[in-house]
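# Per-entry structural report
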Amino acid sequence: MNDLQVDLKGKSFPGVGQAPAHHALAPIRFSVERGQFVCVTGPSGCGKTTLLNVLAGLDRDYNGDIHLPRRPGHKQPVIGYVFQTPRLLPWRTVEQNLTLVKGHSSDLADIDELLKLTGLSDFRHTYPQRLSTGMQRRAALARAFVVKPDLLLMDEPFVSLDETNATRLRLLLLDIWHRYATTVIFVTHDLREAVQLGQRIIRLSAAPGRIDLDLPISLSEDERANAQTIERWRNRILESG
């Protein structure tokens, strides 16, 4: 099965002490075609990260069914996850961080390609603490794609960057994604970021999160780099409620 299919009946967390149970997600149902880039947005606490954790298999305590995309020949879906912080191992070089997740393959072609795409070829033997914040983010992108994931989950990976660097990394992400044709679920609070990246935006309501908007975004590469075009789409989404 190549499509991502989500049919959640809901997701709750048990209460602690006198606190009641927290209903994080209401029933949610959607599907994503293989290779589609979907941005999930919504207010803080609406269940965006909870949804990612369910999709990643990090949280299996839910009601419903999840069918993950899987390429022919794969026994299990390959999932990549990019977090809000790069989470690079500080005692390993950039290349070693990539090699670790790729496995003990002698073929370094994929690593070489991704280091070139992210502009890190000259820093392959550098430890993460010697990299700038932006370079660490690029290394995290390379690590996510080097396993050729069937599904790539991204949880606000550019949230701590200034807008100039964030924009550069978004465009870099799109360039790599076009080459690898990976299904992406990208969580963000930033509507401009969602418009710039997504082929489709799914917006969740306040908790318990439910889908209150599912909007296709049809923009060319040039339009995705145009601030005025992005702002027009952002206003359209805001006006939709």
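As a starting point, this report considers the structure included with it.

Here is what the cut-offs are and how they apply
- Residues numbered from 1 in each chain as written.
- Predicted model: local features only at pLDDT ≥ 70, side-chain atom pairs only at ≥ 80, totals over all residues.
- Heavy atoms only, no water.
- Axes fitted to C-alpha atoms, helices over the stretch in contact; angles between N-to-C directions.
- Helix = DSSP H or I, 4+ residues; strand = E, 2+ residues; numbered from the N terminus.
- Left-handed = near helix turned anticlockwise from the far one by under 90°.
- Contact = heavy atoms within 4.5 Å.
- Nonpolar A, V, L, I, M, F, W, Y, C, P; charged D, E, K, R; others polar.
- Phe/Tyr/Trp six-rings, centres within 6.5 Å; stacked < 30°, edge-to-face > 60°.
- Buried < 20%, exposed > 50% of the residue type's maximum accessible area, 1.4 Å probe, protein only.
- Disulfide = S-S within 2.5 Å.
- Salt bridge = Lys/Arg side-chain N within 4 Å of Asp/Glu carboxyl O.
- Polar contact = N/O pair within 3.5 Å; in protein donor to acceptor, adjacent residues only side chain to side chain.
- Arc of directions from axis to C-beta.
- Pairing = 2+ DSSP bridges.
- Parallel < 35°, antiparallel > 145°, perpendicular 65-115°, else oblique.

A few words now on the packing of helix 3 (residues 109–117) against helix 4 (residues 133–146). One way to put it is that helix 3 packs onto helix 4 with a least axis distance of 9 Å and a crossing angle of 145°. At the point where helix 3 passes helix 4, the crossing takes the right-handed sense. Facing helix 3, whose interface residues are Asp110, Ile111 and Leu114, helix 4 presents Ala142, Phe145 and Val146. Tallied by class, residues from the contact of helix 3 with helix 4 come to five nonpolar, no polar and one charged.

Right, let's talk about the packing of aromatic side chains for a bit. All chains considered together, the criterion is met by five aromatic pairs. Between the aromatic rings of Phe37 and Trp177, the centroid separation amounts to 5.4 Å while the plane-to-plane angle is 90°, which identifies the pairing as edge-to-face. Within this pair, whereas Phe37 is found in strand 4 (residues 37–41), its partner Trp177 is found in helix 5 (residues 163–180), the two being separated by 140 residues in sequence. The pair formed by Phe37 and Trp177 is uniform in burial state, with each residue classed as buried. Between Phe145 and Tyr180, the aromatic rings sit 5.6 Å apart at their centres with planes inclined by 50°, giving tilted as the arrangement. You can see Phe145 sitting in helix 4 and its partner Tyr180 sitting in helix 5, a full 35 residues away along the chain.

Glancing now at the state of the cysteines. The full count for this structure, using the stated rule, is zero disulfides. Cys39 supplies the cysteine sulfur nearest to Cys46, a cysteine that is in no disulfide, at a spacing of 14 Å.

This model, assessed by the stated rule, comprises 15 salt bridges. Note that Glu95 is salt-bridged to Arg124, the shortest N-O span being 2.5 Å. Taken as a pair, Glu95 in helix 2 (residues 94–102) and Arg124 in the loop between helix 3 and helix 4 lie far apart in primary sequence, 29 residues in all. Classification of Glu95 as buried rests on a relative accessible area of 16%. Note on Arg124: relative accessible area 17%, which makes it buried. Glu231 is paired through a salt bridge with Arg192; the nearest N and O atoms lie 2.9 Å apart. Separated by 39 residues along the polypeptide, Glu231 in helix 8 (residues 227–239) and Arg192 in helix 6 (residues 191–197) bring together distant segments of the chain. Overall, the relative accessible area of 23% leaves Glu231 in the partly exposed class. Connected through salt bridges with shared partners, the residues Glu163, Arg170, Asp190 and Glu193 form a single ionic network.

Before going further, it helps to spend a moment on the environment of Ser160. Here Ser160 is to be found in the loop between strand 7 (151–155) and helix 5. As a C-alpha pair, Ser160 and Gln199 span 39 residues in sequence and 23 Å in three-dimensional space. Only 2.5 Å separates the side chain of Ser160 from the side chain of Arg137, close enough to count as a polar contact.

Another aspect to go through is helix 2. Among the residues making up helix 2, those that are buried are Val94, Glu95, Asn97 and Leu98. For helix 2, the arc enclosing every buried residue in end-on projection is 160°, short of the 170-degree limit, so these residues lie on one face. Its buried side turned inward, helix 2 meets helix 3 and helix 4. Positioned one or two residues after helix 2, Gly103 has a phi angle of 105°, which is positive.

Glancing now at the sheet that holds strand 8 (residues 183–187). The six strands lie next to each other as 6-7-8-4-9-10, forming an open sheet whose pairing is mixed. The open sheet terminates on both sides in strands that have one partner only, identified here as strand 6 (79–82) and strand 10 (211–216). The sheet shows a mean angle of 15° between the axes of neighbouring strands, taken without regard to direction. Taken together, the four bridges between strand 4 and strand 9 (residues 200–204) define a ladder with parallel strand orientation.

Another aspect to go through is the packing of helix 2 against helix 3. Relative orientation of the contacting elements helix 2 and helix 3 amounts to 135°, with a least axis distance of 10 Å. Viewed along their axes, helix 2 and helix 3 adopt a mutual orientation that is oblique. Along this stretch, helix 2 crosses helix 3, giving a crossing that reads as right-handed. Together, Val94, Glu95, Leu98, Thr99 and Lys102 of helix 2 and Asp110, Ile111 and Leu115 of helix 3 make up the contact between the two elements. A per-class count over the contact of helix 2 with helix 3 returns four nonpolar, one polar and three charged.

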